[in-house]
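Coordinate analysis (summary)
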Amino acid sequence: MVKDFIVKSGFEIHGFTNVPDKPGKKNKFESITPSVCNSLELNDLSMNFKCIKKYSDNKFYSEEDRRKNVKGAYAYDGDLSGQNIILIDDIITTGATLMECVDVLKSKGAEEVFIFELGINQFSCSYWKNDSYIYEFANNNYLNFNSKTMLPFYGKCKEAYVAAVSSLFSRMNREILDFDDDDSFSLESF
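Bear in mind the structure is a predicted one, so any value in this text is a computation, not a measurement.

1. Some thoughts on the overall build of the chain
When helices and strands are tallied, the chain shows 7 helices and 8 strands. Taken across its 190 residues, the chain has 43% of its residues classed as buried. For the chain, the share of sequence-separated contacts (at least 6 apart) that also reach a separation of at least 24 residues comes to 68%. Carbon together with sulfur atoms contributes 51% to the accessible area of the chain, which is approximately 10800 Å² in total.

2. A closer look at the confidence of the model for the chain
Across the chain, pLDDT averages 76, with 59% of residues at or above 70. Put simply, helix 5 (residues 126-130) is where the chain has its lowest mean pLDDT, 49, and strand 4 (residues 74-76) is where it has its highest, 96. Scored below 50 in pLDDT, residues 182-190 makes 25 contacts in the model with residues more than four places away or belonging to other chains.

3. Section: helix 2 (residues 32-40)
Of the positions making up helix 2, those classed as buried are T33, V36 and C37. Taken around the axis of helix 2, the buried residues stretch over an arc of 95°, which confines them to a single face. Away from its buried face by more than 90 degrees, helix 2 exposes N38 and S39. Buried residues along helix 2 sit in contact with helix 1 (2-9), strand 1 (15-18) and strand 2 (43-44).

4. Let's talk about the pairing of strand 5 (residues 84-89)
Among the 6 residues in strand 5, 6 count as buried, and that is most of the element. Burial along strand 5 is two-sided: N84, I86 and I88 facing one way and I85, L87 and D89 facing the other are all buried. For strand 1 and strand 5, the ladder comprises 4 bridges, and the chain directions are parallel. The partner of G15 across the bridge, within strand 5, is I85. Here strand 5 runs beside strand 6 (residues 112-117); their pairing, made up of 6 bridges, is parallel. Bridge pairing in strand 6 places D89 opposite E117. In the classification by handedness, the crossover that spans strand 5, the intervening helix 4 (residues 96-107) and the parallel strand 6 is right-handed.

5. Focus: the pattern of salt bridges
For the structure shown, the criterion picks out 6 salt bridges. Measuring nitrogen to oxygen at the nearest pair gives 3.3 Å for the salt bridge that ties K8 to D4. Of this pair, K8 and D4 both sit in helix 1, 4 residues apart, which is roughly one turn of that helix. Judged by its relative accessible area of 66%, K8 is exposed. One salt bridge connects D90 with K28, and the closest N-O pair in it is separated by 3.8 Å. A residue pair is termed long-range when its members are at least 10 positions apart, and D90 in the loop between strand 5 and helix 4 and K28 in the loop between strand 1 and helix 2 qualify at 62 residues.

6. Let's talk about the environment of N27
Structurally, the position occupied by N27 is in the loop between strand 1 and helix 2. For N27, a relative accessible area of 28% gives the class partly exposed. With residues up to four places along the chain from it excluded, the contact list for N27 reads N18 and D21. For N27, the side chain forms a polar contact with the main-chain nitrogen of F29, separated by 2.7 Å.

7. Observations regarding the environment of I92
Along the chain, I92 turns up in the loop between strand 5 and helix 4. Counting along the chain gives 25 residues from I92 to E117, while the straight-line C-alpha distance between them is 6.7 Å.

8. Section: the packing of aromatic side chains
For any two aromatic rings, the description comes down to two numbers: the centre-to-centre distance and the angle of the planes. Applying the stated criterion to the full structure yields 6 aromatic pairs. An angle of 55° between the planes, with centres 4.8 Å apart, marks the rings of F11 and F114 as tilted. Of the two residues, F11 sits in the loop between helix 1 and strand 1 while F114 sits in strand 6, which places them 103 residues apart along the sequence. Between F49 and Y74, the ring centres sit 6.3 Å apart and the planes meet at 45°, which makes this aromatic pair tilted. Within this pair, whereas F49 is found in strand 3 (residues 49-51), its partner Y74 is found in strand 4, the two being separated by 25 residues in sequence. Grouping residues by exposure puts F49 and Y74 together as buried. By way of ring pairs, the aromatic residues F5, F11, F114 and F116 are connected into one cluster. When the ring centre of Y55 is taken as origin, the NZ or CZ atom of K22, which lies over that ring, is 4.5 Å away.

So, how was this worked out
- Residues numbered from 1 in each chain as written.
- Predicted model: local features only at pLDDT ≥ 70, side-chain atom pairs only at ≥ 80, totals over all residues.
- Heavy atoms only, no water.
- Helix = DSSP H or I, 4+ residues; strand = E, 2+ residues; numbered from the N terminus.
- Buried < 20%, exposed > 50% of the residue type's maximum accessible area, 1.4 Å probe, protein only.
- Contact = heavy atoms within 4.5 Å.
- Areas by Shrake-Rupley, 256 points an atom, 1.4 Å probe, with all protein chains shown as cover.
- pLDDT = per-residue confidence, 0-100.
- Arc of directions from axis to C-beta.
- Pairing = 2+ DSSP bridges.
- Right-handed = clockwise from strand over helix to strand, strands pointing away.
- Salt bridge = Lys/Arg side-chain N within 4 Å of Asp/Glu carboxyl O.
- Polar contact = N/O pair within 3.5 Å; in protein donor to acceptor, adjacent residues only side chain to side chain.
- Phe/Tyr/Trp six-rings, centres within 6.5 Å; stacked < 30°, edge-to-face > 60°.
- Lys NZ or Arg CZ within 6 Å of the ring centre and 35° of its normal.

Structure, rendered in structure tokens:
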């Protein structure tokens, strides 16, 4: 997936990292990040990217409170001036953690940060419900896994899934890029 993105996008990618886990938690990407970096000859930035603050579990917070909860929780030790980075995470619920990580990497000079998500929490977030197209799709389709290949799939139309997720992420990307720390944060408009 990452290789395909690099080839098709035409962007020169300099480094790869995962969203750091909280202190004391096992790194979910412990083998994935070095493997991707080695196979694609990318700098592994994960050793310099850390979660420096143990914060409350975000599960029961609103979107705005999630953003406040992770503020200042991450740090990058190094200079990323002019570099294009790929950031991978396991699941997106509101985007608060990703926005904080992108802010940190950009504050260290990263030119572009491209986000790869392995899953979308389609059950607990209001933005699924506020976009009728996405809500209808997510409400009528559940993510399944092929037992042989372990690849995810939706039972119905692949094109509808791609269109729904593409629409959501396009709007989330605009929100992330337009976000100012002085703004109140909410994805209710989604």
